[in-house]
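Descriptive structure summary
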Amino acid sequence: MLDWLERRLALTWLDAAPPRPPAADDAAQRKAWVLPEQPHLDALNEVVSLGYYRGILNKLDEIEAAQPASAAFVADMRELARRFQFEAMGRHLTE
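Residues numbered from 1 in each chain as written. Predicted model: local features only at pLDDT ≥ 70, side-chain atom pairs only at ≥ 80, totals over all residues. Heavy atoms only, no water.

Focus on the nonpolar core
Buried together is how nonpolar side chains tend to be arranged in soluble globular proteins. Applicable threshold: Take the buried residues of types Ala, Val, Leu, Ile, Met, Phe, Trp, Tyr and Cys, join any two whose side-chain atoms come within 4.5 Å, and each joined set is a nonpolar core. Here the term buried applies to any residue with accessible area under 20% of the maximum for its type, exposed to any over 50%, and partly exposed to those in between, with areas from a 1.4 Å probe on protein chains only. Numbering of helices and strands runs from the N terminus; a helix is a DSSP stretch of H or I covering at least four residues, while a strand is a stretch of E covering at least two. What makes two residues a contact is simply this: any of their non-hydrogen atoms within 4.5 Å.
Leu44, Val48, Ile56, Phe73, Met77 and Met89 are the most contacted members of the largest nonpolar core, which totals 18 residues. Of all the secondary structure elements, the ones that give two or more residues to this core are α3 (38–50), α4 (53–66), α5 (71–82) and α6 (86–94). Counting residues per element, this core draws most heavily on α5, which supplies five residues. Non-local contacts of Phe73, meaning those with residues more than four positions away in its chain, are made with Trp33, Val34, Leu35, Pro36, Leu41, Leu44 and Leu93.

Next up, the structure:
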């Protein structure tokens, strides 16, 4: 069956996953963050704990508009949200 699919769809099978780019040091990345004010962090933590994706993105938009200096924090949190890494977001918010 796989041979037939390979011929029919002109597939090229890979033996291994492509190499991933090295991840930035998490601690160094967090040091570069300018954290939003505590009320914003508390509200973000609440929607993260609920797993409310749209609410998380809305809150991140609100934080970015209110505190442009927190842009790196917002961008990293937005990326985690897009990957549905709510537990990782919660850990960052409570550390």
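Following the structure, the description resumes.
Here's the deal with a nonpolar patch on the surface
In plain terms, the rule: In this scheme, patches are assembled from residues that exceed 30% relative accessible area and form no salt bridge. Like charges are connected within 9 Å, while nonpolar side chains (Val, Leu, Ile, Met, Phe, Trp, Tyr) are connected within 5 Å. Accessible areas in this description were obtained via Shrake-Rupley with a 1.4 Å probe; residue shielding takes into account the shown protein chains only. Salt bridge, as used here, is a side-chain nitrogen of Lys or Arg placed within 4 Å of a carboxyl oxygen of Asp or Glu.
A surface patch of nonpolar side chains, amounting to about 420 Å² of accessible area, comprises Leu2, Leu9, Leu11 and Trp13. Positionally, Leu9 belongs in helix α1 (residues 2–9). For Leu9, a relative accessible area of 53% corresponds to the exposed category.

Describing the pattern of salt bridges
In total, this model carries four salt bridges according to the counting rule given. Residue Arg83 is joined to Glu79 by a salt bridge in which the shortest nitrogen-to-oxygen separation is 3.4 Å. By sharing partners, the salt bridges in this structure join Asp61, Glu64 and Arg78 into a single network.

Details of the packing of α3 against α6
Selection criterion: Working convention: axes come from line fits to C-alpha atoms, limited for helices to the stretch in contact. Angles between N-to-C directions cover 0 to 180 degrees. Here the word oblique covers every angle except those under 35 degrees (roughly parallel), over 145 (roughly antiparallel) and from 65 to 115 (roughly perpendicular). Left-handed describes a crossing whose near helix is turned anticlockwise from the far helix by less than a right angle; the clockwise case is right-handed. Following the grouping adopted for this structure description, the nonpolar residues are Ala, Val, Leu, Ile, Met, Phe, Trp, Tyr, Cys and Pro, the charged ones are Asp, Glu, Lys and Arg, and the polar ones are all others, Gly among them.
Here α3 crosses α6 at 155°, and the two axes come no closer than 10 Å. One finds that α3 runs roughly antiparallel with respect to α6. The element α3 and its partner α6 pack so that their crossing is left-handed. Contacts from Leu41, Leu44, Asn45 and Val48 in α3 reach Phe86, Met89, Gly90, Leu93 and Thr94 in α6. Looking at the contact of α3 with α6 residue by residue, the class counts come to six nonpolar, three polar and no charged.

So, the packing of aromatic side chains
Given two aromatic rings, one states the distance between the centres and the angle between the planes to describe the pair. Here is the rule: Pairing of aromatic side chains here covers Phe, Tyr and the six-membered ring of Trp, requires ring centres within 6.5 Å, and sorts the geometry by plane angle: under 30 degrees stacked, over 60 edge-to-face, intermediate tilted.
All chains considered together, the criterion is met by three aromatic pairs. Ring plane angle 80° and centroid distance 5.8 Å describe the contact between Phe84 and Phe86, whose orientation is recorded as edge-to-face. A residue is classified by how much of its surface remains accessible, and Phe84, at 52% relative accessible area, is exposed. Residue Phe86 is classed as buried on the basis of its relative accessible area of 18%. Ring pairing ties together the aromatic residues Tyr53, Phe84 and Phe86, which thus form one cluster.

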